[in-house]
Structures are given as structure tokens and as C-alpha cells.
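Structural description and commentary
Here's the letter readout for the chains.
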Amino acid sequence: MGYQLEWNPSPNFTLGNQTQAYYGKPRSVQFGAGHWWNTPEAGATHDGVVSIFKNPARQGSAHAVLSNGRVTEMVRDWDTAWCTNNANPYTYAIETDPRIMWRWQAGVSQAQRDLGNAIFETLAEYIADKRYHAIQWYPHNHWWQTQCNPINWNEVMIRAQQVRAQKDAPANPSKPVPAPTKLSEGKLTYRAKLDKVEVWDLSTNPNYKSVKTLSKGETIDVVAFIDFNGTRYYVTQYSYDTNKRVGVNRNDIELVAPDPEWIKNLVDITDTKLMVLTVSAPIINLNTGAAVGSPIPQGTWIDIAKQTTVGGKTYLISKYSVDNAIPNGILKDNLGVPAPVPDPNPVPPKPAPEPDWLSKWEDIADLKMYTRQPDVEVVNLLDGSTTTKIATKGTEIEIASSTEWHGQKYLITKYSTDKKLPHGIRLVDLDIKPVDPSTDPLPADPDKSVDDIIRENNSILKAILALVQQIWAIIKPK
């Protein structure tokens, strides 16, 4: 490999599995898109372009930025970069050092032409290594009206095909196979993209022998690589641990993109409308955690459709972002339903109507009564349910109040009266006279109605009170 390859991700892209929803087309690589970063006189640099593509506010990116001997990949092949407008879903985009034009430009110095040729060779080799040498490459203005670097793309493709053929040629049998080098990303999962993918024993150079065959779509976990004879081979944990020179040609496999955390934790929620309650609510790119666009001002209502968790924080996703497959969310803590404004002239609530039993309740003189049969029910005068049963016939009950409920007379025990419990016993189940538990059949119904009992007891109390008043009038000091 005649160039330095590095990975520096951009936040500006659409996930491959969301490309269909946003663009109406699935993610694929059918064409190459050639870009440049303005003219050489503009003074832009490789690192400056990378910095621009890493800025969420710029909303632009390419899959790779390329200059002499250096390639910075910024968007994975299976994701969609933002650079070719409606052609984004089916192109692989390279942003190229514009000094490549010196290869063809008249009137330049030999040093400038040498630099242009070097950038050209880097571009051709990178395309060959990606195995994109067989697809058609076009400048940016093929899809969008813009000024483009006058790169001779037919010449680039011819050179890329030559490089690919050279790299696929039989290896030099005298060349030693280097030891595997650990991937900086740790373990990555790849899948076979051809019908048959061989796992090669590189120590059998030049006529590699296959130790295993992968079927299309079959996955393999890799932890290291071997750069040998112009090709990179990926190595499994087992081969690395045993120091075997066994690997898979990187051009025969493709990386399986892991779902980002927000996708793994994404849940549907009932559609709701919430307001920004804080001074403002930043919009967060859930792939990168960076703020994008302008914060949403306080008081703005937002239609919410989904929820997710990233790094222990809960984010809500608007219906707009869901419908347009945009990986943007807002912190849940920034949204809510505003507290209602107090009514300056509130209408006091109407008092609850008095229960029927309470409206007809009367306090009576305490008296003892007796159950006329076993299992006499103590009734809840709110709903008619039985709160308990008095099991024994002839049980003495102390009565302190009475009421009428649903056309029947009820007596209330002193305990329930004191506790203000709506518990009563039907008058027909009680008698003023002691009841013999052994009597069978039951005694006749009580001789007196509850009203007679109340009047009789109240008359006795009045007579006693009058007598006490007379005695006091005689003996009180003059």
C-alpha cells in the first residue's frame, strides 16, 4: 500500500439502513463521485477539509478525503455521505486534492507535475484497493451543476484497473509474510460479499492454499491484519493468538455495521405533543452526540413519536425526524407539558351530595336490642354490601342511632355511630326484647316500630330531665 490510510468519522451522514426511508432508494455503490476542495490557489489543506466535514453545522461529507500518499476515510461504504445530492444513496464519494490537475495542466513546474502524478497514483491505488475500479467514475457536476476539478476519470479508471491486476498477480515466493498487526478499533465483524470467499494460508506463498471457504453473507470476527503483496488480509483472534499467517482478502468482505446505541434502545411511544420548557432545547445527532442546527426556543410545541437512551440519557425523537429518517433527538428533560395557569376567579367546587343514609340519620337514646336470627348482616349503607355477620341468634347489640335507606329502617350500633361508619342493621333483624337462641321458629316481628322505640326512649329521657330540673329548683341556694 503506497499511502497512509486513517479513519476520522464525520457526523454528517445517513445510516445505510435509513437511506431507503430518506431518499427512496436503498444504499448501494453503483458509481464513483469525484470531488475536489476548490482550486490549488485557494490554499485549502487535507486536514482543513477533514475539519469541515467533522463540523455538524456544515451538513456535508465525503466517504474519503485524499491527497498525496494519504487517505482519510470519514463515512463507511455502507452509509450515505452528504455530497452528491440525489445521487448520494448510490455513489461512493472521494474529496481529492485539487493539485492533481497539475498532472495534465500545461505551464506547471516539474515539481508541480510530480505532485500531481503522485496524487493521481494515490487515487488510482485507493480505488483499486476498494475494488471500485470496475464502476464508472464521474465528476460532481455529472449530478449537480457546480465547478469541478478537470480530472481525467477515464485515465484514473484505467490506472486503477492496472493496479488491481498487479496486486492480484502471483506473489513473490521469496518475500516473507509479516506478523499480524492488531486493529486499532478492536474486534470488528465482517461478512463475505462474494458467493465464495477463501480464507488463505499466506505462508504457502506464492500459490496460496485455502484453509476454509465462507459463503456469501457468512460473518467472521477479525482482530488484526497482514499487509502482504499490496493487499491487506484480515486475521481472526485464533490466527492472531497462534501467530498463524492466515487471513481473508479485505476486498472480498465488507464490514457489518453495528447498530448505534440509540437504534438498539429505540422504542415506540404513544404520539404526544410536548413543549420546550427550558430556555432552549439543543437538537442532538444521536449517532455522534453533537448538537446540530439551532436550538429550539422555549415554548415551542413538538410532535413526539419515539424514545431512546444514549449514554444513560433519555432522548425523545420528533415525528418529523422519524418520518425523514433523521438521527436527531432532544433530551427528555427539556420537554414536558406546562403547568396550567391558575384561574384568577376560580369557581369553588360544588359540595358532594350527602349520602342518602346520612340525610335521614337520627341520633336516638342508647338502647339494647337483640338479633332475631343467626347470621344477621351488618350492611354497608353506601353500596349495600355485607361488612360482617353476627353469627349468634339473641346477641345483644347496643344501638345509638337510626336511619332509613332504600325504603328500609336501619339501626346503627354505638360503635359505628361513634366512628361515623355507614354500617347498619335492618330493624326487622332486631328485637327490643331478649331473644332465646334456642327458640325455633323465630319470634314474631318486633311489636314496636323503630319510630315507637325512639319516641318511647326520648319520652323517658325528657321525664327524667324534667324531674331533675324540679329538684334543682327546690334545693338550689337562694
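The rules we used
- Residues numbered from 1 in each chain as written.
- Predicted model: local features only at pLDDT ≥ 70, side-chain atom pairs only at ≥ 80, totals over all residues.
- Heavy atoms only, no water.
- Helix = DSSP H or I, 4+ residues; strand = E, 2+ residues; numbered from the N terminus.
- Buried < 20%, exposed > 50% of the residue type's maximum accessible area, 1.4 Å probe, protein only.
- Lys, Arg positive; Asp, Glu negative; His and termini not counted.
- Salt bridge = Lys/Arg side-chain N within 4 Å of Asp/Glu carboxyl O.
- Contact = heavy atoms within 4.5 Å.
- Pairing = 2+ DSSP bridges.
- Axes fitted to C-alpha atoms, helices over the stretch in contact; angles between N-to-C directions.
- Arc of directions from axis to C-beta.
- Core = buried A, V, L, I, M, F, W, Y, C linked by side-chain atoms within 4.5 Å.

Time to look at the side chain of D79. Turning to its location among the elements, D79 is positioned in the loop between β5 (70–73) and β6 (80–81). No salt bridge forms around the buried D79; measuring N to O, its nearest opposite-charge neighbour R76 is 6.5 Å away. With sequence-adjacent residues up to four places away left out, D79 is seen in contact with F13, T14, L15, G16, R27 and H63.

This part is about the sheet that holds β5. Strand order in this open sheet of six strands is β1-β5-β4-β7-β3-β8, and the pairing throughout is mixed. The open sheet is flanked by β1 (4–7) and β8 (136–139), the only strands paired with a single partner. Pairwise comparison of adjacent strand axes, ignoring direction, gives a mean angle of 25° for this sheet. With four bridges joining them, strand β4 (residues 64–67) and β5 adopt antiparallel strand pairing. If you follow A64 over to β5, its bridge partner there is E73. Strands in contact with helix α2 (residues 46–53) are β1, β4, β5 and β7 (91–96); relative to β4, the strand with the most contacts, it is inclined by about 170°. Sitting on the sheet, helix α3 (residues 110–129) is in contact with β1, β4, β5, β7 and β8, with an inclination near 140° to β4.

Those residues of α2 that fall on the buried side of the exposure criterion are H46, V49, V50 and F53. For α2, the angular spread of buried residues about the axis comes to 100°, placing them on one side.

A full pass over the atoms with the stated rule returns 21 salt bridges. Here R250 makes a salt bridge to D129, at a shortest N to O gap of 3.9 Å. Of this pair, R250 sits in the loop between β16 (246–249) and β17 (253–255) while D129 sits in helix α3, placing them 121 residues apart in sequence. One salt bridge connects R191 with E254, and the closest N-O pair in it is separated by 3.0 Å. Taken as a pair, R191 in strand β10 (residues 188–192) and E254 in strand β17 lie far apart in primary sequence, 63 residues in all. For R191, a relative accessible area of 30% gives the class partly exposed. What makes E254 partly exposed here is its relative accessible area of 32%. One network of salt bridges, in which partners are shared, links E125, D129, K167 and R250.

The next subject is the nonpolar core. In this structure, I94, L123, Y126, I127 and W137 are the most contacted members of the largest nonpolar core, which totals 28 residues. Taken together, the elements giving at least two residues each to this core come down to β4, β7, α3 and α4 (153–167). The greatest single-element share of this core, amounting to eight residues, is contributed by α3. For Y126, the contacting residues outside a window of four places in its chain are Y3, L5, A64, L66, V71, E73, Y92 and I94. One finds V49, M74, Y315 and I317 within the second-largest nonpolar core, a separate group that totals 19 residues.

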